[in-house]
Amino acid sequence: MSDAADRGAPAPLLEARGITKRFGAITALDGVDLRLFPSEVLGIVGDNGAGKSTLMKVLSGLYAPTEGEIVFDSRPVVLHSPRDAQNIGIEMVYQDLALAGNLPIHENIYLGREPGRRVLGFTVVDEKLSRRMAMDHLDRLNITVKSVDQGVEELSGGQAQAVAIARATAFEGRVVIMDEPTAALAIREVGKVLDLIKSLKDHGASVMLVSHRMDDVFFVCDRVMALFHGRNFEEASIAETSRNEVIGWIMGTRGHAATPAHERA
Ligand SMILES: Nc1ncnc2c1ncn2[C@@H]1O[C@H](COP(=O)(O)OP(=O)(O)OP(=O)(O)O)[C@@H](O)[C@H]1O
Ligand SMILES: [Mg+2]
């Protein structure tokens, strides 16, 4: 990879160096490296328990790494919380979406960061502005909803996913992390979410997409990296690999030899 840098490739926007994360006796991540380039969609694959979600939670400030370093825009950063990550432009759409079902769409998009005026240390929410900003933002992303006043509990899985993505991108996040955004969706809703990812990329954002679905990875990603038992296993640009090869990586095998990783030195 340093070869690419030598050839004048752009600097990574976000970089993880030697990330180890232990939970007591469990080592979820063991010296993982990751590079995410500007306007790139990077697929993260791996078997159940490979460490994908843990890595995404480290990069979004939810977990502190046990060891290792995060570099954003060529500067080392320490993320103490998701808010720290958001402040530098890293947003995560969680696997469970974390939407407030009883609140309308526009409030969900700006939850905790509502537009308004600060008065005596409190934010007086400007509801009209919140609605208008939400409508404009959904429009930009080509997301159709009946009304931004609709409660999110009334939405389909795909619409809820779209609102969660809108929430993660409402603040011009430069990096959007999505953990299995299509796993629970009906087929026809999957396409919309994938289109949304492409549109984020077109708007200049970089996306990390955790997915078990090869169709999604090969449709929307520029590059794919595989974790195996908490370690880097393989990575390649999408143009230089195949579904079968990537499925092999997920199972811990490489090439035609197909020697399981745990049988190698
Ligand atoms: N909060 C936690 N406490 C203890 N162990 C954890 C915690 N979170 C994750 N782990 C462990 O770390 C390992 C990696 O889990 P992780 O959720 O990152 O896997 P994953 O690749 O996202 O899997 P999946 O595809 O099933 O979502 C697993 O062994 C898991 O049990
Ligand atoms: Mg996971």
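Residues numbered from 1 in each chain as written. Chains lettered and ligands numbered in written order. Predicted model: local features only at pLDDT ≥ 70, side-chain atom pairs only at ≥ 80, totals over all residues. Heavy atoms only, no water.

Draft legend 1. Spotlight on the environment of Arg167. Relative to the assigned elements, Arg167 resides in helix α6 (residues 157-169). When the C-alpha positions of Arg167 and Gly230 are compared, they lie 29 Å apart, and in sequence the two are 63 residues distant. Other than its neighbours up to four places away in sequence, Arg167 contacts Glu91, Leu99, Asn108, Ile109, Tyr110, Leu111 and Arg113. Among the polar contacts listed, one links the side chain of Arg167 to the backbone oxygen of Asn108, at a separation of 3.1 Å. (Helix = DSSP H or I, 4+ residues; strand = E, 2+ residues; numbered from the N terminus. Contact = heavy atoms within 4.5 Å. Polar contact = N/O pair within 3.5 Å; in protein donor to acceptor, adjacent residues only side chain to side chain.)

Draft legend 2. Spotlight on the packing of aromatic side chains. A full pass over the atoms with the stated rule returns two aromatic pairs. Aromatic pair Phe23 and Tyr63: ring centres 5.3 Å apart, planes at 75 degrees, arrangement edge-to-face. Taken together, the positions of Phe23 in strand β1 (residues 14-23) and Tyr63 in the loop between α2 (52-59) and β4 (67-72) put the pair 40 residues apart, joining distant regions of the chain. Each ring, one from Phe228 and one from Phe233, has its centre 5.5 Å from the other, and the planes form 45 degrees; the classification is tilted. By the burial criterion, Phe228 is buried, and Phe233 matches it. Lying over the aromatic face of Phe233, Arg254 brings its terminal NZ or CZ to 3.9 Å of the ring centre. (Phe/Tyr/Trp six-rings, centres within 6.5 Å; stacked < 30°, edge-to-face > 60°. Buried < 20%, exposed > 50% of the residue type's maximum accessible area, 1.4 Å probe, protein only. Lys NZ or Arg CZ within 6 Å of the ring centre and 35° of its normal.)

Draft legend 3. Structural context of the sheet that holds strand β6 (residues 90-93). Taken in spatial order, the six strands of this open sheet run β6-β9-β10-β3-β11-β12, and their pairing is mixed. In this open sheet, the two strands that pair with only one neighbour each are β6 and β12 (231-237). Across the sheet, the axes of successive neighbouring strands diverge by a mean angle of 20 degrees, strand direction being ignored. In terms of strand pairing, strand β11 (residues 223-228) meets β12 through six bridges, oriented antiparallel. Bridge pairing in β12 places Val224 opposite Ala236. (Pairing = 2+ DSSP bridges. Axes fitted to C-alpha atoms, helices over the stretch in contact; angles between N-to-C directions.)

Draft legend 4. Region of interest: the site of ligand 1. Taken together, 14 residues lie near ligand 1, and Gly49, Lys52, Ser53, Thr54 and His212 sit nearest. With respect to ligand 1, the side chain of Tyr63 contributes an N or O atom lying 3.4 Å from a nitrogen atom. One nitrogen or oxygen atom from the side chain of His212 is found 2.9 Å from an oxygen atom belonging to ligand 1. In isolation ligand 1 exposes 640 Å². Once the protein is present, 64% of that is buried. (Near = heavy atom within 4 Å. Areas by Shrake-Rupley, 256 points an atom, 1.4 Å probe, with all protein chains shown as cover.)

Draft legend 5. Expanded view of the pattern of salt bridges. Scanning all chains against the criterion turns up 14 salt bridges. The partner of Glu69 in a salt bridge is Arg17, with the nearest N and O atoms 3.4 Å apart. On the criterion of sequence distance, the pair formed by Glu69 in strand β4 and Arg17 in strand β1 is long-range, its members being 52 residues apart. For Glu69, a relative accessible area of 32% gives the class partly exposed. Note that Arg131 is salt-bridged to Glu127, the shortest N-O span being 3.4 Å. You can see Arg131 and its partner Glu127 sitting in helix α5 (residues 127-140), four residues apart, about one turn around the helix. Among the residues examined, Arg131 registers a relative accessible area of 26% and is labelled partly exposed. You can call Glu127 partly exposed: its relative accessible area is 34%. (Salt bridge = Lys/Arg side-chain N within 4 Å of Asp/Glu carboxyl O.)

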